[in-house]
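So the chains spell out like this:
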Amino acid sequence: MSPDRTQRLIGELARDLAPVHRVPRLRFSVAMVVGIVAATALIAFWMQGLRPNLADALRFDPVFGGVFVGLVLTGVGAALAAVAAATPGRQRVVRAGAATGLVGGLGALALCLVGVAGAGFDAGSPLSSDRMCLGQVFRLAILPSVALAVVLARGWTSSPLAAAALALVAGVALGAMVTHLLCVFGGARHLLLGHLSGLLLFTGLGVVPLATLLRHLARAR
């Protein structure tokens, strides 16, 4: 086959192909999410101020400090896993991040349950504080969750449902982490209902709609 015919054949084969959609680099996506979380936290700290005696609470209150560590592990691990889920060939990072998030979340849950068993359900703070902090977790989770959803929408994932769950867990955990640093209340029950319950509640409500959106965007390309 002559070079001219080869070129014409290649042109005909490529004529109807859609443009290649470039997947964002992992480091760029991570930097974007970190920047949004940092900006959200700084605005929240500026508007409300940090919890009084925060350092002492983190150091000397095992439930408060342990829940904070668990939220950090859950937020960072799930966020890294969600970002990696949008990048082909990063399954090892997805598994490591998801495992880190799972360990952090289960550890925080276990600490709260032990604390409730020891101190009682009504100890530490009024029930109204639980609803207040849960609402704040939701508000502070919006921007990180949207940022991670944008990363997933721009990338490509083989499992939209799992990726959507990771993104929402990460967003809620990061929002709860900031709330934890602002909150003036204490007690294992409050931390369980006001700070941790959103991981199940908001993820459960949002995972199917987000996964459906990701599938629709993938088919539209």
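Right above here is the structure, for reference.
Please read these numbers as outputs of a predicted model, since none were measured by experiment.

(A) Quick peek at the overall build of the protein chain. A count of helical and extended segments in the protein chain gives eight helices and zero strands. Looking at the protein chain residue by residue over its 221 residues, the buried ones come to 43%. Long-range pairs, those at least 24 residues apart, make up 84% of the contacts in the protein chain with a sequence separation of at least 6. Of the roughly 12200 Å² of accessible surface on the protein chain, 69% is carried by carbon and sulfur atoms.

(B) View of the nonpolar core. Counting 52 residues, the largest nonpolar core has Val33, Val67, Leu148, Leu196 and Leu210 as the members making the most contacts within it. Sorting the residues of this core by element identifies helix H2 (26–48), helix H3 (54–60), helix H4 (62–85), helix H5 (91–119), helix H6 (127–154), helix H7 (160–182) and helix H8 (188–220) as the ones contributing at least two each. Once you skip the residues sitting within four places of it in the chain, Leu148 turns out to touch Val33, Ala79, Ala82, Val83, Ala167, Ala170 and Gly171. Core analysis: the second largest hydrophobic core is formed by five residues, Ala41, Ala44, Val178 and Leu182 among them.

(C) Broad picture of unusual backbone geometry. One non-glycine residue, Asn53, adopts positive backbone phi at about 55 degrees. A relative accessible area of 61% means that Asn53 is categorised as exposed.

(D) Structural context of the layout of surface pockets. For the largest pocket, the calculated volume is near 450 Å³. Lining the largest pocket are 19 residues, and of these Gly105, Leu106, Val169, Leu199 and Leu200 sit closest to its centre. Contributions of two or more residues to the lining of the largest pocket are made by H4, H5, H7 and H8. Looking at which element gives the most residues to the lining of the largest pocket, the answer is H5, with seven residues.

(E) The packing of aromatic side chains, seen in detail. As enumerated under the stated definition, the model contains one aromatic pair in all. Ring geometry for Phe138 against Phe202: centres 5.1 Å apart, planes inclined by 50 degrees, an arrangement best described as tilted. Highlighted residues: Phe138 in helix H6 and Phe202 in helix H8, separated in sequence by 64 residues. Phe138 sits in the partly exposed class, given a relative accessible area of 42%. The positively charged end of Arg51 is found above the aromatic ring belonging to Phe64, 4.5 Å away from the centroid.

Thresholds applied
Residues numbered from 1 in each chain as written. Predicted model: local features only at pLDDT ≥ 70, side-chain atom pairs only at ≥ 80, totals over all residues. Heavy atoms only, no water. Helix = DSSP H or I, 4+ residues; strand = E, 2+ residues; numbered from the N terminus. Buried < 20%, exposed > 50% of the residue type's maximum accessible area, 1.4 Å probe, protein only. Contact = heavy atoms within 4.5 Å. Areas by Shrake-Rupley, 256 points an atom, 1.4 Å probe, with all protein chains shown as cover. Core = buried A, V, L, I, M, F, W, Y, C linked by side-chain atoms within 4.5 Å. 1 Å grid on protein atoms, 1.4 Å probe; cavity = no way out; pocket = protein on both sides within 12 Å on 5 of 7 lines; lining within 4 Å. Points joined across faces, edges and corners; volume = space filled by probe spheres on them. Phe/Tyr/Trp six-rings, centres within 6.5 Å; stacked < 30°, edge-to-face > 60°. Lys NZ or Arg CZ within 6 Å of the ring centre and 35° of its normal.

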